[in-house]
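Read off the chains here:
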Amino acid sequence: MVGKKSGSVDTLLIEKRIISPPQSFRENARINSRKQYEEMWRKSIENPDEFWGEMAEEHIDWFKKWEAVEEYSFQDDVFVRYYRGAKLNASYNCLDRHLRSWRRNKAALIWQGEPLEESRTFTYLQLYREVCKFANVLKGLGVKKGDRVSVYMPMIPELAIAILSCARIGAIHSVVFGGFSAEALRDRLLDSKANVLVTANYGMRAGKLIPSKTNVDLALAGCPDVKNCIVVKRVEKDCNMVEGRDQYWDDLMSSASPFCEAEVMDAEDPLFILYTSGSTGKPKGVLHTTGGYMVYAATTFKYVFDYRDEDVYWCTADIGWVTGHSYIVYGPLAAGATSLMFEGVPHYPEPDRYWEVVEKYRVSILYTAPTALRSMIKSGDHWPLGRDLSSLRLLGSVGEPINPEAWMWYHYVIGREKAPIVDTWWQTETGGILITPLPGCISTKPGSATLPFFGVNPKVIRQDGSEAGVNEGGYLVITKPWPGIMRGVYGDPERFKNTYFVQYPGVYFTGDGARRDEDGYIWLMGRVDDVINVSGHRLSTAEVESALAAHPKVAEAAVVGYPHDIKGEGIYAYITLKDSVELTEELRYELTMHVRQEIGPIASPDVIHFTSAMPKTRSGKILRRILRKIASGDIDQLGDTTTLADRAVINDLLNTVN
Ligand code: WT7
């Protein structure tokens, strides 16, 4: 750690420290008084029509204005509608409208490849032309408004181009994270009923080539409806191409026209589907629509990151996750920002790769994840201290609770006390940031996401639905909608209602635990359902369990999360084997590889604990509470074990602790 100031971070269990926005930052901030924030927030809640009407006018170009701003019901027939009757196009807002201003030749996208010397920059005009070309390519393949196009790609510019092209012609994009396995890709392709897949021959990760197209071929073997597969040559290397189905991106683009009229979309026409894990094993296709999502992405981007035209903004997320959708592509580009897109990882070729990128492009706003910070802390301060980070003026965090130690490190070692930190809480379902400090006016407390964004009214409730008291933990719910909220689960309307609006009728149930302190600050306490957060990636324990249970040697699997130094949560799998199976070390490896193949490397169990039986109730329900305690090492506090059918199981489990 640097200096004396951060010497005490390890002991900050109950975080009392308050850090005010640095004076130099506050002076020039968009919103620099708590009073102004409160007035705007109050208006956004009391008069949402006026507030979101103004935001819509200010941040988005419309082909036709709305008849009503906010309409919804969170009871019975749940629905949400913003900007009824209004028309717009998301790609038009990210591209065309900047061409009329000086931004025409401003860098829209700076792409930094994993190889140090590989980079490409697209001005707004250049990006517009590429997007129009690819939109024409899609049209040429017969893609129409409302069709689903799946995208399975590494972090290369063609990924951003592909999704903006879909938006341009009204096709619904469904990006599948490039780290997912063939099986996971297949399931998502089938669920979204996509006919077209855009991919790359290879991906690049920490100096190694990832055979993306091989995964695609495996997936497509189970997806007869995918008639066209477009392959970007990320590296000059051949890959298998299936005659009549697969075509190279460059071949199609070479003859495409760089002009393509943007399709006129209704505010509530779908923009994209993005799969995320819920408490069951089946991933949910979270559906976002056009008008409200765009207004929300642009508004949050501007205020949360205190965005200025001269900023160089870098969000390190992958576009395969919602963070990349909203805060690499749609939010920043709608705002006319320069958005940096990075293909690499924090530790390759050296642990200062992020800081090398910051120094090279003079990044002013950095938005990253606690897991990345923790892994870099481990490598030592000399890496960031050896780089010029003076361009950084604002730092953001997302994906999981940021522990005070990582927060302080971010503040001192990276921000050098000059850059406020915004710890932003949100979800795939919320479309954009819901709880966050505004950097010029809200004092921060390390580990707290602080206060709600405009239009967001959070509440912490007890199990019985009543409001929790000060510092009393409970469930985080949101009492009214905001424009970016999801509109449904693709192909499964009942699941939308049942997941988010049934447990506590009338409010949106986030699935997170939280408490509100004496200043009204919100502290997130992790999921309250069977969702775990591994390195900021959301996984359901049921998903990993069903992958394990599908292995021929496994009788039963139970998966829980446990605290992990770098990943936030690790994956701890309890396994009982079929009777005749012999327990060997190789089996552990075999099961790990099996999960990687079924879901992807992010789902690899960190611990596999073989046991002869699971702790179950008399009705046969696995007592996960006990499994969680054993996994976290809290074996002295197993709690009530009286409901167990067979208490001897506990001893057996403890005797085999890994
Ligand atoms: C879950 C949503 C939203 C972008 C990335 C994750 C956890 C997210 C924070 C934060 C505490 C956070 C929550 C949430 N989470 N950000 N700043 N502090 N927890 O999106 O994959 O949909 O996961 O991530 O548990 O419910 P996601």
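Residues numbered from 1 in each chain as written. Predicted model: local features only at pLDDT ≥ 70, side-chain atom pairs only at ≥ 80, totals over all residues. Heavy atoms only, no water.

Engineer: Would you explain the site of the ligand in this entry?
Structural biologist: Residues in close proximity to the ligand total 17 residues, the closest being D423, T424, T428, D512 and R538. Measuring from a nitrogen atom of the ligand, one finds a backbone N or O atom of P401 at 3.4 Å. Expressed as a share of its isolated accessible area of 550 Å², the protein-covered part of the ligand is 96%. Of all elements in the fold, only α12 (322-334), β20 (421-424) and β25 (522-527) reach the threshold of two or more residues within the shell around the ligand. For the shell around the ligand, the class distribution of residues is 6 nonpolar, 6 polar and 5 charged. (Near = heavy atom within 4 Å. Polar contact = N/O pair within 3.5 Å; in protein donor to acceptor, adjacent residues only side chain to side chain. Areas by Shrake-Rupley, 256 points an atom, 1.4 Å probe, with all protein chains shown as cover. Helix = DSSP H or I, 4+ residues; strand = E, 2+ residues; numbered from the N terminus. Nonpolar A, V, L, I, M, F, W, Y, C, P; charged D, E, K, R; others polar.)

Engineer: How do you make sense of the UniProt feature "domain: AMP-binding enzyme C-terminal" (unreviewed entry) in the chain when you look at a structure like this?
Structural biologist: On the UniProt side, "domain: AMP-binding enzyme C-terminal" (unreviewed entry) is annotated at positions that read residues 543-621 here. Structurally, residues 543-621 is divided into 27% helix and 32% strand, and its ends, taken at the C-alpha atoms, are 17 Å apart. (UniProt positions renumbered as here; feature names shortened; annotations may be inferred.)

Engineer: Can you help me understand the packing of helix α11 (residues 291-304) against α12 in this one?
Structural biologist: Packed helices, taken two at a time, are described by the angle between their axes plus the distance between the axes. Relative to each other, α11 and α12 sit at 85°, their axes nearing to 8 Å. Relative to α12, α11 is oriented roughly perpendicular. In this structure, α11 contributes Y293, M294, A297, A298, T300 and F301 to the contact, and α12 contributes H325, S326, Y327, Y330, G331, P332 and A334. In the contact of α11 with α12, the residues fall into 9 nonpolar, 4 polar and no charged. (Axes fitted to C-alpha atoms, helices over the stretch in contact; angles between N-to-C directions. Parallel < 35°, antiparallel > 145°, perpendicular 65-115°, else oblique. Contact = heavy atoms within 4.5 Å.)

Engineer: Honestly, the sheet that holds strand β7 (residues 172-175) in this entry has me stumped. Any pointers?
Structural biologist: Strand pairing in a sheet relies on backbone hydrogen bonds, with the paired strands running either antiparallel or parallel. Pairing in this open sheet of 8 strands is mixed, and the strands run β12-β11-β8-β6-β7-β14-β15-β23 from one edge to the other. Either end of the sheet is taken by a strand with one partner, and the two such strands are β12 (246-248) and β23 (488-489). Pairing analysis gives 2 bridges linking β7 to strand β14 (residues 270-276), with the strands arranged parallel. Bridging across to β14, S174 finds its partner in I273. Sheet strands touched by α12: β7 and β14. Its angle to β14, the strand with the most contacts, is close to 140°. (Pairing = 2+ DSSP bridges.)

Engineer: Which parts of the structure should I look at to understand the state of the cysteines?
Structural biologist: By definition, a disulfide links the sulfur atoms of two cysteines through a covalent bond. With the rule as written, the count across this model stands at 0 disulfides. C260 provides the cysteine sulfur closest to C166, a residue in no disulfide bond, and the two sulfurs are 11 Å apart. (Disulfide = S-S within 2.5 Å.)

Engineer: Mind showing me how you'd approach the UniProt feature "binding site: CoA" (unreviewed entry) in the chain here?
Structural biologist: The feature "binding site: CoA" (unreviewed entry), as given by UniProt, occupies R205, A206, G207, K208, T323, S535 and R596 in the numbering adopted here. Across 392 residues, the annotated set is spatially dispersed, with a maximum C-alpha separation of 24.9 Å. Locating A206 in the fold gives a position in the loop between β9 (203-205) and β10 (208-210). Ignoring any residue separated from it by four or fewer positions in sequence, one finds A206 in contact with E114, V345 and Y348. Among all residues touching T323, those that are not within four sequence positions of it are C315, A317, I328, Y367, V398 and W426.

Engineer: In this structure, what is going on with the environment of S632? I would like to understand it.
Structural biologist: Along the chain, S632 falls in helix α20 (residues 624-632). Separated by 268 residues in sequence, S632 and S364 have C-alpha atoms that sit 39 Å apart. What S632 contacts, discounting residues up to four positions off in sequence, is Y562 and P563. Within the structure, S632 has its side chain in polar contact with the backbone oxygen of R628 (distance 2.7 Å).

Engineer: Is there a simple way to think about the pairing of strand β5 (residues 119-123) in this case?
Structural biologist: A regular strand carries its side chains on alternate faces of the sheet. Across 5 bridges, strand β4 (residues 107-112) lies against β5 in antiparallel orientation. In the sheet register, W111 faces β5, and the bridge partner there is R120. Hairpin connection of β4 to β5: 6 residues between the antiparallel strands.

Engineer: Would you mind going over the packing of helix α6 (residues 124-140) against helix α7 (residues 157-169) with me for this structure?
Structural biologist: At a minimum axis separation of 8 Å, α6 and α7 run at an interaxial angle of 65°. Judged on the interaxial angle alone, α7 and α6 are roughly perpendicular. In the crossing of α6 with α7, the sense of the turn from one axis to the other is right-handed. Here L127, Y128, E130, V131, C132, F134, A135, L138 and K139 of α6 lie close against α7, whose contacting residues are I161, A162, L164, S165, C166, R168 and I169. Across the contact of α6 with α7, the residue classes break down as 12 nonpolar, 1 polar and 3 charged. (Left-handed = near helix turned anticlockwise from the far one by under 90°.)

Engineer: Quick question: what am I supposed to make of the nonpolar core here?
Structural biologist: Side chains of a nonpolar character, in soluble globular proteins, are inclined to be buried together. If you look at the biggest cluster of nonpolar residues, it comprises 128 residues, and the most contacted ones within it are Y83, F305 and Y330. Of all hydrophobic cores here, the second largest spans 41 residues; its members include F180, C223, W321 and I608. (Core = buried A, V, L, I, M, F, W, Y, C linked by side-chain atoms within 4.5 Å. Buried < 20%, exposed > 50% of the residue type's maximum accessible area, 1.4 Å probe, protein only.)

Engineer: Is there a simple way to explain the sheet that holds strand β17 (residues 338-342) in this structure?
Structural biologist: Taken in spatial order, the 7 strands line up as β5-β4-β17-β16-β18-β19-β20 in an open sheet, and their pairing is mixed. Only two strands of the sheet have a single partner each, and these edge strands are β5 and β20. Averaged over all pairs of adjacent strands, the angle between strand axes in this sheet comes to 15°, irrespective of strand direction. Pairing between strand β19 (residues 394-398) and β20: 4 bridges, direction parallel. Across the sheet, the residue bridging to V398 is T424, located in β20. Lying over the sheet, helix α13 (residues 353-361) contacts β4, β5, β16 (312-315), β17 and β18 (365-368), oriented at roughly 145° with respect to β4. Against the sheet, helix α16 (residues 404-414) contacts β18, β19 and β20, and its axis sits at roughly 155° relative to β19.

Engineer: Would you mind showing me how to read the packing of aromatic side chains here?
Structural biologist: The description of an aromatic ring pair rests on the distance of the ring centres and on the angle between the ring planes. In this structure the tally under the stated criterion is 44 aromatic pairs. Joined through ring pairs, the aromatic side chains of Y37, F51, W52, Y296, Y303, F453 and F454 make up one cluster. Looking at R188, its charged tip hangs above the ring of F180, at a distance of 4.5 Å from the centre. (Phe/Tyr/Trp six-rings, centres within 6.5 Å; stacked < 30°, edge-to-face > 60°. Lys NZ or Arg CZ within 6 Å of the ring centre and 35° of its normal.)

Engineer: Honestly, helix α8 (residues 182-192) in this entry has me stumped. Any pointers?
Structural biologist: For an α-helix, 3.6 residues make a turn, and residues three or four places apart therefore share a direction. Residues A182, E183, A184, L185, R188, L189 and S192 constitute the buried set of α8. In the segment just after α8, K193 is the residue with positive phi, at about 55°.

Engineer: Would you mind going over the side chain of T199 with me for this structure?
Structural biologist: Its location among the elements puts T199 in strand β8 (residues 196-200). Classification of T199 as buried rests on a relative accessible area of 0%. Residues within four places of T199 in sequence aside, it is in contact with Y152, M153, S212, K213, V216, C229, I230, V231 and V232.

Engineer: Whenever I open this one, the side chain of E545 confuses me. Can you help?
Structural biologist: By the secondary structure assignment, E545 is in helix α18 (residues 541-549). In this view, E545 contacts A557, A558, V559 and R624; residues no more than four positions away in its chain are not counted.

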